[in-house]
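Chain by chain, the residues run as shown.
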Amino acid sequence: MPKKIPLHFILTLQFVLQVLGIVGLVGYFSYRSGSAAVGDIAHRLMTETGDRIIDNFNHYLEIPHRINKSNINALESGTITPKDLDQLHRYLILTKQKYPEVSTLLWGSPQGDFLYVHLMTPTEIRIGSPTIQTDLPFLGAGHSDPQDPTRFHSYRITPEGELGEYLQTVENIPIQQRPWYRQAIQAGKPAWSQPFQLGITNQLTINAAAPVYNQQQNLLGVFGVNITLERLDKFLATLSISEHSEIFIIERNGLMIANSVGEDSFTVSLPVSEGNANPGRGKFERRSVLESDHPILREAAQALQTQLGNFATIEKPQNLTFTTNNAALTKALGRFYYLRVIPYQDAHGLDWLIVAVVPESDFMGAIYANLRR
């Protein structure tokens, strides 16, 4: 005769199963709702940060074009003239002193005349040229040699805004071949250059250039203003969406403009032979975000390509999620990430992508602890 199961055991088992089922469902739905809420919070924070980046960029990137416009007005009004290079140079020096946000002011003419005013900083590395033994930062200026316009001499600026201590001479730099000069003439209007190496330094730079024409539409010259992208790196590094969030800026071809991780957007190496066509200049190469040493940047870029296709096809801000198979990244920050991409354009030809990445683990710690409880 089979042994009878006690009634109290049956009643207890029913209540235990119901309680376990209810607790399990409550935990599951709590996790799902918490995860959804975290996603909303992460994307909202990335949206707010993106708006802040755009506001900062709009202000900073408009300054060079405003300076060029002011310089053109001064030339058209007769305040300055290309025929008096000393006067024009002093005017550029005084203008640079008013605008510490930019790194360089320039003037180039079809005849090869070249004037510049530049803020020399400790981060600049001169490759294959004499080391300048002086305090940094300081304001320097230079002009082309009247006998050979491809050679220019640089000087330290005195407190009175005059050319002072001689610093160095750089050879074989024809102004007509500089990227900012060529692109301004090709555009025929104010425009940005492609990012390029600044002179013989290790700085990635873009130039806002504006051609100037006389009444017969003959080219008088080109005004230019350089800004280094290092400033964008520093600004992005100040932003914090979460503990391990990262932000990067790329061109539509995937080449890096700036990032928050402190990774160089380019590489510079010393010349490998004495017959180098550009004396004093090293080999300068831009880097693609797909080749980044930082796994979050690289994985986010790959996710963009996988989910949205080519970078060039991204036309509006979008929120995405992605998982990574990178073992080291998974161990450190988890497999799941939130991503927001924002196209950034301006009236002068910039066309960049702003990308923000946030690990889900930055927000899910409390939810996981609650789920365990």
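Structure first, text after, so check above.
Predicted model, so just to flag it, every value in this text is computed and none were measured.

Novice: Before we go on, may I ask you to explain the overall build of the chain in this structure?
Specialist: Check the secondary structure of the chain and you find seven helices and 16 strands. By residue count, 45% of the 373 residues in the chain fall in the buried class. Taking all contacts inside the chain whose residues are at least 6 apart in sequence as the whole, residues at least 24 apart take part in 56%. Entry remark: accessible area of the chain is about 19,300 Å², with carbon and sulfur atoms responsible for 54%.

Novice: Explanation requested: the pairing of strand β2 (residues 114–120) in the structure shown.
Specialist: In the case of a regular strand, side chains alternate between the two sheet surfaces. Burial of β2 is extensive: six of the seven residues sit out of reach of the surface. With five bridges joining them, strand β1 (residues 104–108) and β2 adopt antiparallel strand pairing. Note that in β2 the partner of W107 across the bridge is L115. In this antiparallel pair of consecutive strands, β1 and β2, the connection spans five residues, and G112 shows a positive phi of 100°. As defined by bridge partners, β2 adjoins strand β3 (residues 138–145) across six bridges and the pair is classed as antiparallel. By the bridge assignment for β3, L115 is matched with H143.

Novice: I would appreciate a short explanation of the environment of Q176 in the present structure.
Specialist: Within the fold, Q176 resides in the loop between β5 (163–170) and α3 (179–187). Each C-alpha atom of the pair Q176 and F114 lies 9.4 Å from the other, and the pair is 62 residues apart in sequence. In this view, Q176 contacts S109, P110, Q111, G112, Y181 and R182; residues no more than four positions away in its chain are not counted. Here P110 takes part through its backbone oxygen, which lies 3.2 Å from a polar atom of the side chain of Q176.

Rules behind the numbers
Residues numbered from 1 in each chain as written. Predicted model: local features only at pLDDT ≥ 70, side-chain atom pairs only at ≥ 80, totals over all residues. Heavy atoms only, no water. Helix = DSSP H or I, 4+ residues; strand = E, 2+ residues; numbered from the N terminus. Buried < 20%, exposed > 50% of the residue type's maximum accessible area, 1.4 Å probe, protein only. Contact = heavy atoms within 4.5 Å. Areas by Shrake-Rupley, 256 points an atom, 1.4 Å probe, with all protein chains shown as cover. Pairing = 2+ DSSP bridges. Polar contact = N/O pair within 3.5 Å; in protein donor to acceptor, adjacent residues only side chain to side chain.

Nothing here speaks to function; it is all geometry.
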